[in-house]
Amino acid sequence: MPALRPRSTRVRYTLTAAALSLIGLTIIGLSLGLAIRDNIRDSIFADTQRSALQWIAAARTGSVPHTVSTPSRVKLLELVDSRGRVLDASAAASTMAPFSTLRPTATDRLDNVTVCRSHGGCVLLTVVRFALQNTPGNTDPHFVYAGAMAPAILSTHRLEFFIAIGVLSLTAVSASVTWGVVSRSLRRVEAVRVQIAKLSGGDMSVRLSSPFGGSEISALADTANQALDRLEGALQQQEQFASEASHELRTPITSLHLQLEEALLYPEDVDPHEVIRTALSATDRLNAVINDLLLLARLRANPAPPEPIDVGELVTQEAATHAQRVSVVAQAAPGVRVHGHRMQLTRLIDNLLNNAQRHAYSRVEITAERVDDLAVVSVADDGDGIPPRDRERVFERFTRLADGQRRDPKGSGLGLAISADIAHAHNGTLKAEDAPQGARFVLRLPLLDPGRTRLRIGAASSFTEPPGSQEDR
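Counting starts from 1 at the beginning of each chain's written sequence and moves along it residue by residue. Per-residue local features of the predicted model are confined to residues with pLDDT of at least 70, and side-chain atom pairs are confined, for both listing and counting, to 80 or more; whole-chain, interface and lining totals are unaffected and use all residues. Working from all heavy atoms in the structure, the side-chain values ignore hydrogens and water.

A. Inspection of the nonpolar core at higher detail. Buried residues of nine kinds, namely Ala, Val, Leu, Ile, Met, Phe, Trp, Tyr and Cys, make up a nonpolar core once their side-chain atoms join them within 4.5 Å. Per-residue accessibility, obtained with a 1.4 Å probe over protein chains only, is compared with the maximum for each type, and a residue is labelled buried under 20%, exposed over 50%, and partly exposed between these values. In terms of nonpolar packing, the biggest core is built from 37 residues, with I366, F395 and F441 touching the most fellow members. Contributing elements (two or more residues each) for this core: α6 (311-322), α7 (342-359), β9 (363-371), β10 (374-381), α9 (415-425), β11 (429-433) and β12 (440-446). If we ignore the near neighbours within four places in the chain, the residues touching I366 are V315, A319, V328, V329, A330, Q331, I349, L353, V377, S378 and V379. Residues L79, V128, F130 and A150 belong to the second largest nonpolar core, which totals 17 residues. Where helices and strands are cited, they refer to DSSP runs of H or I of at least four residues and of E of at least two residues respectively, numbered from the N terminus. Contacts: residue pairs with any heavy atoms within 4.5 Å of one another.

Given below as structure tokens:
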């Protein structure tokens, strides 16, 4: 039952090691006990066979010895006829009845047997069938029984007792060693746990020490430090983002508040229709900022499974939906495929086209082609362009250049930042590059190559598309 399972890792490992040791040592002990018994039994039977053959040789010459000098442990010998009568015996067996009724056959003249009596212990016997040669006309077989008393190791359970003690002792040693090794390892884990417990949300600069160089515990501490580095960076970005977002939201809210307050204080000097139009413009600005903030937040959600996407087809479709504003010319090479999220890449291209149409005078060009092992999408307009000093800054959040603010006061300044985040989440890049006229944004993404491992799309790349964002530059 789960309730009976020990929760302590130290106890679980110790019990597992003890159980495995007990099973293994028991098997070894049983095998060792059987081997010892067989070895002792074979040694005694070898002695009884030699003694029996010596008696047979003496009996054929008529001089049967009544004492046996070698081997010393074989003291029981009997010469028995075919009717079971004891014809002769050694001194130690002279007062004993026949040892056994076992009679070897003519084809198998020698046999070994163990005979146990109710009193007197067990005897290991060798029985040999032979015919007396000094008795003319006597063809009846005779039998020699040579035996030795079984030692205590065979006739009792003393051997099993000592083996059991050894098995239990070694099992206890194994459990003790396992307990010590696991405890020593867990002390290192506990040291890391204590350091983690001391971490404070207010100070993310603290890192774990790695005193156990080269060990798994050191690798754990290094991995934890890497996670803390990423967490610290994410928290810093979050704090910066929250500060920028609050600043961007405060401006239209403050403006709206002042206008409404002025309309209440000086109703005769304020045109209500103008106040309403200004308020609607401010709410549009707030709506754009909030939608783009939600989009940036969703970029860090768990991604949906990526899919193969034909970038050329995607570019052609998006260009067709934007043609009614400013003329959009699309040139897409076939078979330019990447691995990614269709909704995100659609949003990226839509942002670039919206931005280009906002600043173009009469024409926007978008191309999709294969360059080496990259899919390259270029969006260019014939507008005023971007100064070289601002080409990096336009991808920062809430950055709006003067021309962008003039052309679209309602913009949030997040469109290009969102597009850059989507490109990075797909292991690609988005840059503003030189152009003969106007601005030119170039997106580069790794191609989908079936002969290579699929690209690992960044974890911060799943979102649901809200109403359109506004790019500003």
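B. Looking closely at α9. Where burial is concerned, most of α9 is hidden: 9 out of the 11 residues are buried. Buried within α9 are the following residues: G415, L416, A417, I418, S419, A420, I422, A423 and A425. One or two residues past the end of α9 sits N427, with phi positive at roughly 60°.

C. Region of the structure containing the pattern of salt bridges. The term salt bridge refers to a pairing of a side-chain nitrogen on Lys or Arg with a carboxyl oxygen on Asp or Glu at a separation within 4 Å. Taken as a whole, this structure holds 8 salt bridges when the rule is applied. In this structure, E365 engages R363 in a salt bridge whose closest nitrogen and oxygen atoms are separated by 2.9 Å. Residue classification places E365 among the partly exposed residues on the basis of a relative accessible area of 36%. You can call R363 partly exposed: its relative accessible area is 36%. Salt-bridge contacts for R444 lead to E433; the nearest nitrogen and oxygen are separated by 2.7 Å. Linking R444 in strand β12 with E433 in strand β11, this pair joins segments that are 11 residues apart in sequence. A relative accessible area of 22% places E433 in the partly exposed class.

D. Layout of the side chain of S21. By the element assignment, S21 lies in helix α1 (residues 9-61). Polar contact criterion, stated in full: a pair of N or O atoms within 3.5 Å, where within protein one must be able to donate a hydrogen and the other to accept it, and residues adjacent in sequence count only if both atoms are side-chain atoms. Reaching out from S21, the side chain makes a polar contact with the backbone oxygen of A17 at a distance of 2.8 Å. Setting aside chain neighbours within four positions, we find S21 in contact with T26, T171 and S174.

E. Spotlight on the environment of V376. Turning to its location among the elements, V376 is positioned in strand β10. Residues V376 and L447, 71 residues apart in the sequence, show an inter-C-alpha distance of 9.3 Å. Excluding residues that lie within four positions of it along the chain, V376 makes contacts with T367, A368, E369, V371, V442, L443 and R444.

F. Just the packing of α7 against α9, in detail. Orientation is described by lines fitted to C-alpha atoms, with helices fitted over the stretch in contact, and by angles between N-to-C directions that extend from 0 to 180 degrees. Here α7 crosses α9 at 140°, and the two axes come no closer than 9 Å. The handedness of the crossing between α7 and α9 is left-handed. Taking contact as the criterion, the partners of Q344, L345, R347, L348, N351 and L352 in α7 are, on α9, G415, L416, I418, S419, I422 and A423. As a working rule, the residues Ala, Val, Leu, Ile, Met, Phe, Trp, Tyr, Cys and Pro are called nonpolar, Asp, Glu, Lys and Arg charged, and the rest polar, with Gly in that last group. Taken together, the residues of the contact of α7 with α9 break down into 7 nonpolar, 4 polar and 1 charged. Crossing handedness is read from the near helix: turned anticlockwise from the far helix by less than a right angle, it gives a left-handed crossing, and turned clockwise, a right-handed one.

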